[in-house]
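Here is what each chain is made of, one letter per residue.
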Amino acid sequence: MPEVHLLDYVAGNVRSLVNAIEKCGYTVSWVRSPSEVANADKLILPGVGHFGHCLSQLASAGYLPAIKEHIAAGKPFMGICVGLQALFEGSLEDPEVAGLGTIKGKLDRFDDSQKAVPHIGWNSANSSSKSLYDLRPESKYYYVHTYKFPYVQGELESQGWTVATGTYGSETFVGAVAKDNILATQFHPEKSGVAGLRLIKSFLTGEGAKALGQTVTGPAPTGGLTKRIIACLDVRTNDQGDLVVTKGDQYDVREKSDDRNVRNLGKPVEMAKKYYEQGADEVTFLNITSFRDCPVADLPMLEILRRTSETVFVPLTIGGGIRDTVDTDGTKVSALEIATMYFKSGADKVSIGSDAVLAAEEYYAVGQKLFGNTAIEQISKAYGNQAVVVSIDPKRVYVPKADATRHATIKTAFPGPKGEEFCWYACTIKGGRETRDMDVVEVVKAVEAMGTGEILLNCIDKDGTNSGYDLELITQVKDAIKIPVIASSGAGNPAHFEEVFAKTRTDAALGAGIFHRGEYTVKEVKDHLAQKGLEVRQFEG
Ligand code: 1PR
């Protein structure tokens, strides 16, 4: 099989990239020292995390001159995400660190006054009728970034670059650039389904470079960021010891029958693939018994990720048990080490539940100071904010008056059992078994300050009820923070997805039971949203 060289300099999920390259019929050889760059014909620079972290690692390992020589020799080079950013002269993210300077200009930050940042999700890469490695105007690509190169018409083109752009809110940014032997994408092609695989193949075969810049005709480009639909699989060991996908009603996952067996809805890897093929924009696995089991011994979950990432080319999130822990043999294992195992096995994001609530409590106890020692801070520092999701399991507490509690209350349209017109949302830990004296607003603000990239907002009252999302909860959380929010719990039909996007500013919507019980497919949900005029990504086969 023909080979491609991948530069191995940062931690992160490169497994998916390897899987994507292999899917295109190529093998990967690792470049592990600057001298090995000279062996590469085709070189790929993947990138995660901070611009400064990436560039200083490359610089201190002595890679920068070798990469420049590779490019100057006219050999094929591809940069992904921070790998694109590295080609510029610098970035506002780390102003003191220099980039490769192959492209003139510096990156700046998305404006978060009117929209959630990071920019996470599926967006266009519109190359204005110029051929750019088989990018297509009707396709969507998976982006996750906070910094971007602002697009000014003609600026890069006058330097000989072919450019594809995306638009987020009122900002148009560079989604991909190419010139001669260089291709770089701000999005992750290895996470962009078939559209992304097509681009990788076009780079590997050299066809993309040959056709670069030619005029192409196609449909008119579609709009910006799509509404993300996420399929969630709660996974746990059943009474027979098998890892199964289960689903609770208000977090009770046992059958209502006398035997009270754990509900078994199917096999995790097969179900993830099914949802990918139905068009799910992301797949989330929550290991819902991990607060009891030590995740280090939980190799089956790692295996599930490995196998899933071979066939599912959209982002994968794994949650459950991400916290500092002690292994069965007494060895201390940090949350960062656990996250690293998951990233190496194919996860793109880790989701932290109980530990995030406890960290938030600590944050307020010490006067809202950060010491860099929480799991959130450590993982986001190493892998970037976008790699850290905090999953919250709140439940309603009704009160008669807005000031009857110190917590952030809302006036609710759904009064409590005694007619109470106000409520607040108490955060729970250990899968809803323990309620803490922390409201959802306190927790999301604290974890945002720690460097969380996204909130997965469940709701115990709504979970498994098929009665629609808790719109009041979602609105309260969206108003409190700038980072994206995934609405979760309660989806029972496609109209519920439409409603949550129409009535709240949620960035994504997650469904579980609706898909597992086979009532609706992800495609049916998306078709419904498209019919209602919402921008969605359809699966490309
Ligand atoms: O605390 O870091 O070990 O993480 C444990 C993780 O497991 C948390 O993310 C927590 O939300 C999750 N979890 C724990 N117990 C349960 C349970 O159900 N007994 N599941 C659980 C959370 C909620 C969603 C569900 C939506 C949508 N399940 O995952 O998918 O509510 O459901 P629906 O569409 O069917 O209404 P840690």
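Since we're looking at a predicted model, the values are computed, not measured. (Residues numbered from 1 in each chain as written. Predicted model: local features only at pLDDT ≥ 70, side-chain atom pairs only at ≥ 80, totals over all residues. Heavy atoms only, no water.)

Chemist: What exactly am I supposed to notice about the packing of helix H13 (residues 440-450) against helix H14 (residues 471-480) here?
Modeler: Pairs of packed helices are described in terms of their axes, by the angle between the two and the distance that separates them. The geometry of H13 relative to H14 is characterised by a closest axis approach of 9 Å and an angle of 35° between their N-to-C directions. As H13 packs across H14, the resulting crossing turns out to be right-handed. Of H14, the residues touching H13 (which contributes Val-440, Val-441, Val-444, Lys-445 and Glu-448) are Leu-473, Gln-476, Val-477 and Ala-480. Of the residues that constitute the contact of H13 with H14, the class distribution is 6 nonpolar, 1 polar and 2 charged. (Axes fitted to C-alpha atoms, helices over the stretch in contact; angles between N-to-C directions. Helix = DSSP H or I, 4+ residues; strand = E, 2+ residues; numbered from the N terminus. Left-handed = near helix turned anticlockwise from the far one by under 90°. Contact = heavy atoms within 4.5 Å. Nonpolar A, V, L, I, M, F, W, Y, C, P; charged D, E, K, R; others polar.)

Chemist: I'm lost on unusual backbone geometry in this one. Help?
Modeler: Backbone geometry follows two general trends: most residues other than glycine have a negative phi, and most peptide bonds adopt the trans configuration. Following Val-117, the chain continues to Pro-118 via a peptide bond in cis, the omega torsion being 10°. Assignment of secondary structure puts Pro-118 in the loop between strand E6 (106-109) and strand E7 (119-123).

Chemist: I keep staring at the packing of aromatic side chains and nothing clicks. Help me out?
Modeler: For any pair of aromatic rings, the description rests on two quantities: the centre-to-centre distance and the angle between the ring planes. One pass over the structure, following the stated rule, counts 13 aromatic pairs. Ring geometry for Phe-110 against Phe-173: centres 5.4 Å apart, planes inclined by 85°, an arrangement best described as edge-to-face. Note that Phe-110 is positioned in the loop between E6 and E7 and Phe-173 in strand E11 (residues 171-179), a separation of 63 residues in sequence. With a relative accessible area of 0%, Phe-173 lands in the buried category. (Phe/Tyr/Trp six-rings, centres within 6.5 Å; stacked < 30°, edge-to-face > 60°. Buried < 20%, exposed > 50% of the residue type's maximum accessible area, 1.4 Å probe, protein only.)

Chemist: Mind showing me how you'd approach helix H10 (residues 335-344) here?
Modeler: Along an α-helix, residues three or four apart share an orientation, since each turn contains 3.6 residues. Buried within H10 are the following residues: Ala-335, Ile-338, Ala-339, Thr-340, Tyr-342 and Phe-343. Of the residues trailing H10, Gly-346 is marked for its positive phi of about 120°.

Chemist: Sorry, what's going on with the packing of helix H11 (residues 354-365) against H13 here?
Modeler: With their axes 9 Å apart at the nearest point, H11 and H13 run at an angle of 85° to one another. By the angle between their directions, the pair H11 and H13 is classed as roughly perpendicular. Residues Ala-356, Val-357, Ala-359, Ala-360, Tyr-363 and Tyr-364 of H11 form the contact with H13, whose own contacting residues are Glu-442, Val-443, Lys-445, Ala-446, Val-447, Ala-449 and Met-450. Taken together, the residues that form the contact of H11 with H13 break down as 11 nonpolar, no polar and 2 charged. (Parallel < 35°, antiparallel > 145°, perpendicular 65-115°, else oblique.)

Chemist: What should I look at first to understand the side chain of Glu-93 in this one?
Modeler: One can find Glu-93 in the loop between strand E5 (90-91) and E6. Nearest to the buried, unbridged Glu-93 among oppositely charged side chains is Arg-109, at 7.9 Å. Here Phe-51 takes part through its backbone nitrogen, which lies 3.1 Å from a polar atom of the side chain of Glu-93. (Lys, Arg positive; Asp, Glu negative; His and termini not counted. Salt bridge = Lys/Arg side-chain N within 4 Å of Asp/Glu carboxyl O. Polar contact = N/O pair within 3.5 Å; in protein donor to acceptor, adjacent residues only side chain to side chain.)

Chemist: Looking at this model, I keep getting lost on H14. Mind explaining?
Modeler: Burial of H14 is extensive: 8 of the 10 residues sit out of reach of the surface. Along H14, the positions that sit buried rather than exposed are Leu-471, Glu-472, Leu-473, Ile-474, Gln-476, Val-477, Lys-478 and Ala-480. The opening residue of H14, the one whose side-chain oxygen lies 3.2 Å from the backbone nitrogen of Glu-472, is Asp-470.

Chemist: Looking at this structure, I do not really get the confidence of the model for the chain. What am I missing?
Modeler: Any residue range with low pLDDT should be treated as having predicted coordinates unsuitable for detailed reading. Per-residue confidence for the chain gives a mean pLDDT of 94; residues scoring 70 or more make up 98%. Here the complex is predicted with pTM 0.96, and the ipTM for its interfaces comes to 0.98. (pLDDT = per-residue confidence, 0-100.)

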